[in-house]
Amino acid sequence: MRFVSFRMASSVLATTALLLVAAAPAQAQTRVETLRYVTGASVNTLDPNIPGSTRESFALSMSTYDRLVAFGRKQLNGKWVFDLDKIAGELAESYDVSPDGLKLTFRLRKDAKFQDGSPVTAEDVKWSLDRCVTAPILGKAQLLTGSLTSADQFKVIDPLTIEVTLPKPDKLALPNLATVYPLIINSKVAKEHATPEDPWATAWLKEHTAGSGAYVIESFKPGEQVIIKRNEDWNRGSPDKPAFFKRVIVQSVPEPATRANLVERGDADLVVDLQASDVQSLEAKGKLKVISTPQYNSITFVSMNNQIPPFDNVNVRRAVAFALPYEDMFKAALFGRGAPLFGATWPDGKPLNGIYPFQAPVKTDLDKAREYLKAAGLPEGFSTTFSFNVGQASTAEPMAALVKESLAKIGIKVDIQKLPDAQMSTQINEKKLPLFTEGIVAWLPSTDYFYRNFYTGNQRWNYSSINNPELATIAQEARFEPDKAKYEEDGRKLNAIHFSEMPQIPLWQPNQDAVMASSIEGYTYEFHRQVDYRDVSRK
Amino acid sequence: MTGLGATVARAGRRLLSSLPALFGVLVFTFLLMRVLPGDPAVFFASGPNAGKEEIEQIRKQMGLDKSVPEQLVFYLSDIGRGNLGRSMMTGQPVLKDLRERLPASLELTFTALLIALIAAVPLGVVAALKPGSLVDHGVRLFCALGVCVPTFVSGLLLIYVFYYLLGLAPDPTGRIDVFTSLPPQRTGFLSIDFLIAGDIEGWWAACKQLILPALSMALFVIAPLARITRASMLVSLGSDFVRTARSVGLSWQKVVVTYALRNAILPVITIAGIVFSTMLGANVLVEKVFSWPGVASYALDALLSSDYAPVQGFVLLMAGIFVLVNLVVDICYGIADPRVSIG
C-alpha cells in the first residue's frame, strides 16, 4: 500500500524534496535547508594537515577554513570543473604578482572575520603559512612543489597586507596557496592551545577548528558523521553571500549498495562514491541527477617495475602494452565510465601536444606483442604476478582476470595477488612489485608536475622506478620555463619519451560520478575529488 | 545468603584465574600485529606528497621506531595505566573509541540474541515433541535456511524489501535517524537512554532502527540454538523422571515446561554464551551493511589499514568479554541447576 502511494507520489511530485516534505511535515523546513551527504570513507581529523587524513577531511576543511585564494570554475563538456588557471581571492581581496614573478602581494578583505568574531589579519596569515612550511605536517611537502619552503618568505607589510617572496618565478606557487593545506587559522586561538612540544597546536586543531570558513562544526564523531552549520557572516563565496545550506550532514555509510538505496529513496541528497554498476542503473531510471566528470587530474595505470627483470627490458614493457585487452578492461572495470587513455592515433608518430596525461597510441595487438617479446629474447614468455589492493577490488578484480587471460595468449603466465591496502603500500614503497595497477592524482595537474613527481627520483610515487636522465632534466627545466611555446615543446618531448620508454601503461581517467537529488544544483568537480559543500544549493 | 556468598566467591576466583589467559592474549596479539605484512606508517603516509620524512614521522608517532621488545614493554606499561593507545584511523584514543562503540555492538547483539532465543527455544521444543514429524522437518528446513544465508545477504535482502521496496523500515544507516536528537547518555544503550529521558518517540525510532540488523543477525544463530534445544529436549523427554512425572498424572504443560525444559536448558545456556561472544566479534558484516557504529567494523577497518592500537584494544576487549560471559553462564548454570554451584 505504502509502495503504491510512493510510486504515485513520485510521478505527481517532481522533486524528491517535495516528497520528503510530504513524508515529514514537522521537519520540512530544516530538511530542505539541510544537505545530507553520504560517503564510504570518513572524516578523521578537522585539520587536513595531519598525516593519515582522509579525502573527506580535505573536503570538510574547505568549508570550515578559508585560504588566501581559491580556484575558479569552468565548464568542461557542459560540466562544472575546477579551473586551475583562474585563481580568485578568498581571504585576499586582491593580489599582485610582480613583473619578475618573484613577489606575490595579497591584500586582505577588510570585513573578513574568524568564527569567534575577531578580524582576520596579516599576522594570522603569516602564522598559518609559517605553520604550513615549518610544522611536521602534510602541507610542508605540498608547498615545496611551489617553492614555498621557509617562514622567511612570508612578510607582514601592514595589518591587511602580506607579501610572499619566491627564490625563482614558480608557476605553482600561487595555485599551491589554493590547495587544501595552507588554511588560514585564527592564530590567537591556536596559540592558546599550543604547548612547548607542540608549538603549532597540531593536536588541538585535529579536534577543533579555528577558522573563518563558511561552516562551523556542530558535532564531530570520527568514523561516523560530522554535522556542520552555516556561518552566517561568511561572504567569500562566488555569489558573495553565505553558503546555501544551513546544515550539512556528512555521514559515513560503508556499504555502497546502501548509499545507492539512500540517494534513490531521497533520504540522502548527494553521493560521489558509488559503484559504477549502481550509477549506471540509477542513471537509467532517470529519477536522479547524475553528473559524471572524467577526473582529468587523475590516471589509472598498469605499472611495471623498470628495474626488475624482465621488465627492465623496454621490449617486454612494450609487449605488455600491446597485449592488454583495453576495451574489455574498460567495460568490465568501469562500465566504460571514464575517459580512455588508449587507442589514439599519432599521424606522424609524435605526440599531439604537450599535455599530460595523454592518450597513447596503444591498442590490443597480439602479433605486435609477440614480436616485441621475441625482440626481448623471451619468445616463450615468462611468469610474473599482477597485484592490486583490496580497496580497489571492485574495479581491479575484473581487470586482473582479463589481464591474466590476455597475457597468457602471448605466453606470460600471471599470478593474481590481491593485497590488503597497507601491504600494497608497503610493497610499492619498497619497489617490490613487478606488475600492478594503481591510480594517481595531481592536485595541480601540469605536465612538469606529473613528470617530476611520478617519473623521477627514487621515491615512492615513482611507481615504475623509471630512471631516465633526459626525462628528469627536461621535467626540472620545464618547471621554471616562462615561455608558453617552449613549455609546450618540453611537454611534447616528455610525452615522446614516456611513450617510447613505456615505463607504465596509462589506462583511463575514471569518472567522478556524482549522484544527487534532482533539486540539487551547482555541483562542481573539485581538485580534491570530493564535494565542496559551498558549491551546491537546492532549487 | 550463603548461596549468594559462595557464588560471589566463585566468581572472584574465576576472574582471578583468567588473568594469565588475558595476559597471554595481550602479548600474542601484540606480536601477531607486528608479524603481519604491511607497514602502517607507509599506509598512513599515503597523501599525494608524503615522502620518506613523513613516513618516519608517523613511525615515530606510532612508536614503531623502537625495537619490538621495547615496544612491548611500553605497550604493557601503557595498558597498566589504562591507556590503549591512539587510533591513526579516527585520530581518537582507542579507549574512547571503544567506549563509544561498544554499547552499539552490545545493544545490537543482545537484541539479536533475545530474538534468536525467543524463536529458537519454542522451535526446538516443538520439534522435539514430535521428532520426525512434518513440524520437525519444517524447523530443520528453517534452521538450514537461516544458517546457510550469510548475514550480509539476509541484511541486504531485508533492506531491499523493508526499506527500498516497502518503505516500512527507516533508512539503514546507524543507530538513529540523523535528524533525531540524542537523549542524554546514561547507559549508552539508546533504547534504554530514551526511556530514561521519557522520549517515547525517540525510543520507537531507535527500536525501528534496531530491528532489521538484529533480525539478520538472529536468523543466523537460530539454527544452533534450536538444534541444541531439540537434542537436549529429546534426551530430557526420554529420561526416567519425565516418565515418572507423566505416570503420576501431572499435566502435560507441567511435565514439558517444569521438568523437561528446565533440565534441557543447561546446554542451551552454554551455547547461548558462546554464540553471544562470537556474534559480538563476528557481526562485522551486519555492522558494515547497516553502517552500525559498533566495535567489530571498527576493528576490521583498523586491521585493513594495519592500525595496531585499535586491533589490539579490540582483541583485549573481546577476551575480557569472553571471560565475563563465561562467568555469567556459570552463574546462570547455578540458578538453573543448584547442584552445579556446590563446590
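Residues numbered from 1 in each chain as written. Chains lettered and ligands numbered in written order. Predicted model: local features only at pLDDT ≥ 70, side-chain atom pairs only at ≥ 80, totals over all residues. Heavy atoms only, no water.

Section: the overall build of chain A
Thinking step 1. A tally of helices and strands in chain A yields 19 helices and 20 strands.
Thinking step 2. Computed over the C-alpha atoms, the radius of gyration of chain A is 25 Å, within 12% of the 24 Å expected from 2.2 N^0.38 for a compact globule of 539 residues.
Thinking step 3. Along the longest, intermediate and shortest principal axes, the C-alpha atoms of chain A span 70 × 70 × 45 Å.
Thinking step 4. In chain A, the proportion of contacts linking residues at least 24 apart, taken out of those at least 6 apart, comes to 71%.
Thinking step 5. Accessible area of chain A: about 20800 Å², with a carbon and sulfur share of 53%.
Thinking step 6. Considering chain A, the positive charge centre built from 62 side chains and the negative charge centre built from 63 side chains are found 3 Å apart. (Helix = DSSP H or I, 4+ residues; strand = E, 2+ residues; numbered from the N terminus. Rg over C-alpha atoms; globule rule 2.2 N^0.38 Å. Contact = heavy atoms within 4.5 Å. Areas by Shrake-Rupley, 256 points an atom, 1.4 Å probe, with all protein chains shown as cover. Lys, Arg positive; Asp, Glu negative; His and termini not counted. Charge placed at Lys NZ, Arg CZ, Asp CG, Glu CD.)

Considerations on the environment of A319 of chain A
Residues and elements named next belong to chain A.
Thinking step 1. Along the chain, A319 turns up in helix α12 (residues 314-323).
Thinking step 2. Between the C-alpha atom of A319 and that of K374, which follows or precedes it by 55 residues, the distance is 9.2 Å.
Thinking step 3. In contact with A319, other than residues within four places in its own chain, are A369, Y372, L373 and I410.

Concerning the pairing of strand β13 (residues 298-304) of chain A
All names here are of chain A.
Thinking step 1. Of all seven residues that make up β13, seven are buried, and the element is covered over most of its length.
Thinking step 2. Because side chains alternate across β13, one face comprises the buried residues S298, T300, V302 and M304, and the other comprises I299, F301 and S303, equally buried.
Thinking step 3. Examined bridge by bridge, β13 and strand β17 (residues 435-441) share seven bridges and lie antiparallel to one another. The residue of β17 that forms the bridge with I299 is I440. (Buried < 20%, exposed > 50% of the residue type's maximum accessible area, 1.4 Å probe, protein only. Pairing = 2+ DSSP bridges.)

Structural notes on the pattern of salt bridges
Thinking step 1. Enumeration over the complete set of coordinates arrives at 34 salt bridges over all chains.
Thinking step 2. Across the pair R452 of chain A and D448 of chain A runs a salt bridge, and its minimum N-O distance is 2.9 Å. Of this pair, R452 of chain A and D448 of chain A both sit in helix α17 (residues 447-455), four residues apart, which is roughly one turn of that helix. Across this residue pair, the class does not change: R452 of chain A and D448 of chain A are buried.
Thinking step 3. The partner of D136 of chain B in a salt bridge is R140 of chain B, and the shortest N-O contact between them spans 3.4 Å. Of this pair, D136 of chain B and R140 of chain B both sit in helix α6 (residues 134-148), four residues apart, which is roughly one turn of the helix.
Thinking step 4. For R140 of chain B, a relative accessible area of 32% translates into the label partly exposed.
Thinking step 5. Taken together, the shared-partner salt bridges in this structure form one network comprising D66, E90, D532 and R534 of chain A. (Salt bridge = Lys/Arg side-chain N within 4 Å of Asp/Glu carboxyl O.)

Regarding the side chain of D83 of chain A
Residues and elements named next belong to chain A.
Thinking step 1. Mapped onto the secondary structure, D83 falls in strand β3 (residues 79-89).
Thinking step 2. Despite its burial, D83 remains without a salt bridge, the nearest opposite charge being carried by K74 at 4.0 Å.
Thinking step 3. There is a polar contact of 2.9 Å between the side chain of D83 and the backbone nitrogen of D85.
Thinking step 4. Not counting residues up to four positions away in its chain, the partners in contact with D83 are F71, G72, R73 and K74. (Polar contact = N/O pair within 3.5 Å; in protein donor to acceptor, adjacent residues only side chain to side chain.)

Here we look at unusual backbone geometry
Residue and element names in this part refer to chain A.
Thinking step 1. A cis geometry characterises the amide bond from P309 onward to P310, with omega recorded as 0 degrees.
Thinking step 2. Relative to the helices and strands, P310 is located in the loop between β13 and α12.
Thinking step 3. A cis amide bond links Y356 to the next residue, P357, at an omega of 0 degrees.
Thinking step 4. Along the chain, the position of P357 falls in the loop between β14 (338-340) and α14 (366-375).

Some thoughts on the packing of helix α9 (residues 200-237) of chain B against helix α11 (residues 252-282) of chain B
Residues and elements named next belong to chain B.
Thinking step 1. Direction vectors running N to C along α9 and α11 enclose 145 degrees, while the axes themselves pass 8 Å from each other. When you trace α9 past α11, the crossing you get is right-handed. Here M217, V221, L225, I228, T229, S232, M233, S236 and L237 of α9 come into contact with α11, specifically with V256, Y259, A260, L261, N263, A264, P267, V268, I271, A272, V275 and M279.
Thinking step 2. Across the contact of α9 with α11, the residue classes tally to 17 nonpolar, four polar and no charged. (Axes fitted to C-alpha atoms, helices over the stretch in contact; angles between N-to-C directions. Left-handed = near helix turned anticlockwise from the far one by under 90°. Nonpolar A, V, L, I, M, F, W, Y, C, P; charged D, E, K, R; others polar.)

Some thoughts on the interface of chain A and chain B
Thinking step 1. Listed per partner, the contact involves 50 residues of chain A and 45 residues of chain B.
Thinking step 2. Between chain A and chain B, the buried area comes to about 4200 Å², and carbon and sulfur atoms account for 54% of it.
Thinking step 3. Here chain A and chain B share two salt bridges between them.
Thinking step 4. As a salt-bridge pair, R36 of chain A and D171 of chain B come within 3.2 Å of each other at their nearest N and O atoms. (Buried area = accessible area lost by both parts, 1.4 Å probe.)

Examining the nonpolar core
Thinking step 1. In terms of nonpolar packing, the biggest core is built from 135 residues, with F106 and Y533 of chain A touching the most fellow members.
Thinking step 2. Considering every element that reaches this core, the biggest residue donor is helix α15 (residues 393-408) of chain A, with seven residues.
Thinking step 3. Those residues in contact with Y533 of chain A that sit more than four places away from it in its chain are L35, Y37, A59, L60, S63, Y215, I228, V248 and V250 of chain A.
Thinking step 4. Formed by 86 residues, the second largest nonpolar core is a distinct cluster that contains V515 of chain A together with L84, Y164 and F276 of chain B. (Core = buried A, V, L, I, M, F, W, Y, C linked by side-chain atoms within 4.5 Å.)

Some points on the pairing of strand β6 (residues 154-158) of chain A
Residue and element names in this part refer to chain A.
Thinking step 1. Taken together, the four bridges between β6 and strand β7 (residues 161-165) define a ladder with antiparallel strand orientation. Within β7, the residue paired with F154 across the bridge is V164.
Thinking step 2. Two successive antiparallel strands, β6 and β7, enclose a turn made up of two residues.

Things to note about the confidence of the model for chain B
Thinking step 1. The share of residues in chain B with pLDDT of 70 or more is 96%, and the mean pLDDT across the chain is 84.
Thinking step 2. Complex prediction metrics read pTM 0.83 and ipTM 0.78. (pLDDT = per-residue confidence, 0-100.)

A closer look at helix α5 (residues 94-129) of chain B
Thinking step 1. In a regular helix each residue adds 1.5 Å, so 36 residues correspond to 52 Å; α5 of chain B covers 50 Å between its end C-alpha atoms and thus fits that length.
Thinking step 2. Considering bend angle alone, the principal kink of α5 of chain B is centred on R101 of chain B and spans about 30 degrees; proline P103 of chain B follows within four residues of it. (Expected span 1.5 Å × (residues − 1). Bend = angle between axes of the 7 residues up to and from the residue.)

A few points about α9 of chain B
Thinking step 1. If you check α9 of chain B, its first and last C-alpha atoms are just 44 Å apart, much less than what 38 residues at 1.5 Å a residue would give, namely 56 Å.
Thinking step 2. Where α9 of chain B begins, the capping side chain belongs to D199 of chain B, and its oxygen is found 3.3 Å from the backbone nitrogen of E201 of chain B.

Observations concerning the sheet that holds β7 of chain A
Residues and elements named next belong to chain A.
Thinking step 1. The strand order across the open sheet formed by four strands is β4-β5-β7-β6, and the pairing between neighbours is antiparallel. On the outer flanks of this sheet lie β4 (92-97) and β6, each paired with one strand and no other. Strand after strand, the sheet turns through a mean of 20 degrees between neighbouring axes, direction not considered.
Thinking step 2. Along the sheet, helix α5 (residues 122-134) contacts β5 (103-108), β6 and β7; its crossing angle with β6, the most-contacted strand, is approximately 180 degrees.

Re the confidence of the model for chain A
Residues and elements named next belong to chain A.
Thinking step 1. Here chain A averages 88 in pLDDT, and 94% of its residues register 70 or above.
Thinking step 2. Averaged pLDDT values for the elements of chain A fall to 39 in helix α2 (residues 16-23) and rise to 95 in β7.
Thinking step 3. Predicted confidence is poor over residues 1-28, with pLDDT under 50, and the contacts of this stretch with residues over four places away or in other chains come to 25 contacts.

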